[in-house]
Amino acid sequence: MPMLLLAGPAAEPWTVADLKSFLRVEHDADDAVIASLLTAARAQIEVWTGKMLLAQRWRLVLDAWPRDGRIVLRGGPLRALIAVRSYDERGYAHGLDLDSFVPDLAGGVIASPPWALPEPGRAIAGIELDLELGYGTAPDDVPAPLRHAVRTLVAQWYDNRGEASSGAGSAVLPGGVAAMIAGYRAVAL
């Protein structure tokens, strides 16, 4: 189930000014660096948890409908089902009625009776679902531990910029951040 980003978040969990205060940076020379670290840290926390922090639009692409009619999302949290399309054998998209689907926002599942779903006319990428994922649209909508994890990761990267350029520790999750996000990480069995 490939997921394609359609539109990223309109804001970040922190402002550059908030982070400069946290980092005790009084000059403006590093604003662009701090902004880049903020975006990267948010994205990294999203990867590590499987959760989108702020509202974003994504497209889920399927080859066929699940036999049981239940689409279980890997990312989340699910905020809304925006559109559903099925492609015919000529490659034309046909919008499906959203009332045919029941989004379980808490469970991250989209359900529909399997007999009510038209089979796509093309065998590969014949179905598209446009979704809105994320905790909310404002920074305060993001759970405090995840916001703090982003801020802590920015500080870690900012303080160790020389190591980042050499690749040392770039894939390692700092211990404090791991503890902050532990309750939000998706567990695979």
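Next up on the list: the pairing of strand β2 (residues 56-62). Every regular strand shows the same layout, with side chains that alternate between the two sheet faces. Most of β2 is tucked away, with five of its seven residues classed as buried. With seven bridges joining them, β2 and strand β8 (residues 127-133) adopt antiparallel strand pairing. Residue pairing across strands places Leu-60 opposite Leu-129, the latter belonging to β8.

Between helix α2 (residues 31-49) and helix α3 (residues 144-159), whose axes approach to 9 Å, the crossing angle comes to 130°. Here α3 runs oblique to α2, going by the angle between their axes. The chirality of how α2 crosses α3 is right-handed. Only Leu-146, Ala-149, Val-150, Leu-153, Val-154, Trp-157 and Tyr-158 of α3 make contact with α2, whose side of the interface consists of Val-33, Ile-34, Leu-37, Leu-38, Ala-40, Ala-41, Arg-42, Gln-44, Ile-45, Trp-48 and Thr-49. Classifying every residue of the contact of α2 with α3 gives 15 nonpolar, two polar and one charged.

Glancing now at the sheet that holds β2. Ordered in space as β1-β2-β8-β4-β5, the five strands form an open sheet in which the pairing is antiparallel. Across the chains shown, the open sheet's two edge strands, defined by having one partner strand only, are β1 (3-7) and β5 (93-95). This sheet shows a mean twist of 30° between the axes of neighbouring strands, independent of strand direction. Direction of pairing for strand β4 (residues 78-87) relative to β8: antiparallel, over a ladder of seven bridges. For Val-84, the partnering residue across the bridge sits in β8 and is Leu-129.

Right, let's talk about the sheet that holds strand β6 (residues 102-104) for a bit. Strand order in the open sheet made by the three strands is β3-β7-β6, with antiparallel pairing throughout. Edge positions in the sheet fall to β3 (70-72) and β6, since each of these pairs with one other strand and no more. Here the strands of the sheet are splayed against their neighbours by 15° on average, with no regard to which way each runs.

Here the structure, examined in full by the defined rule, presents one aromatic pair. Plain terms: the ring middles of Trp-65 and Phe-101 are 5.9 Å apart, the flat faces sit at 35° to each other, and that makes the pair tilted. Note that Trp-65 is positioned in the loop between β2 and β3 and Phe-101 in the loop between β5 and β6, a separation of 36 residues in sequence. We note Arg-122 situated over the ring of Tyr-87; from NZ or CZ to the ring centre the distance is 3.9 Å. Over the aromatic face of Tyr-158 sits the side chain of Arg-161, whose NZ or CZ is 4.0 Å from the ring centroid.

The rules behind the values
Residues numbered from 1 in each chain as written. Predicted model: local features only at pLDDT ≥ 70, side-chain atom pairs only at ≥ 80, totals over all residues. Heavy atoms only, no water. Buried < 20%, exposed > 50% of the residue type's maximum accessible area, 1.4 Å probe, protein only. Helix = DSSP H or I, 4+ residues; strand = E, 2+ residues; numbered from the N terminus. Pairing = 2+ DSSP bridges. Axes fitted to C-alpha atoms, helices over the stretch in contact; angles between N-to-C directions. Parallel < 35°, antiparallel > 145°, perpendicular 65-115°, else oblique. Left-handed = near helix turned anticlockwise from the far one by under 90°. Contact = heavy atoms within 4.5 Å. Nonpolar A, V, L, I, M, F, W, Y, C, P; charged D, E, K, R; others polar. Phe/Tyr/Trp six-rings, centres within 6.5 Å; stacked < 30°, edge-to-face > 60°. Lys NZ or Arg CZ within 6 Å of the ring centre and 35° of its normal.

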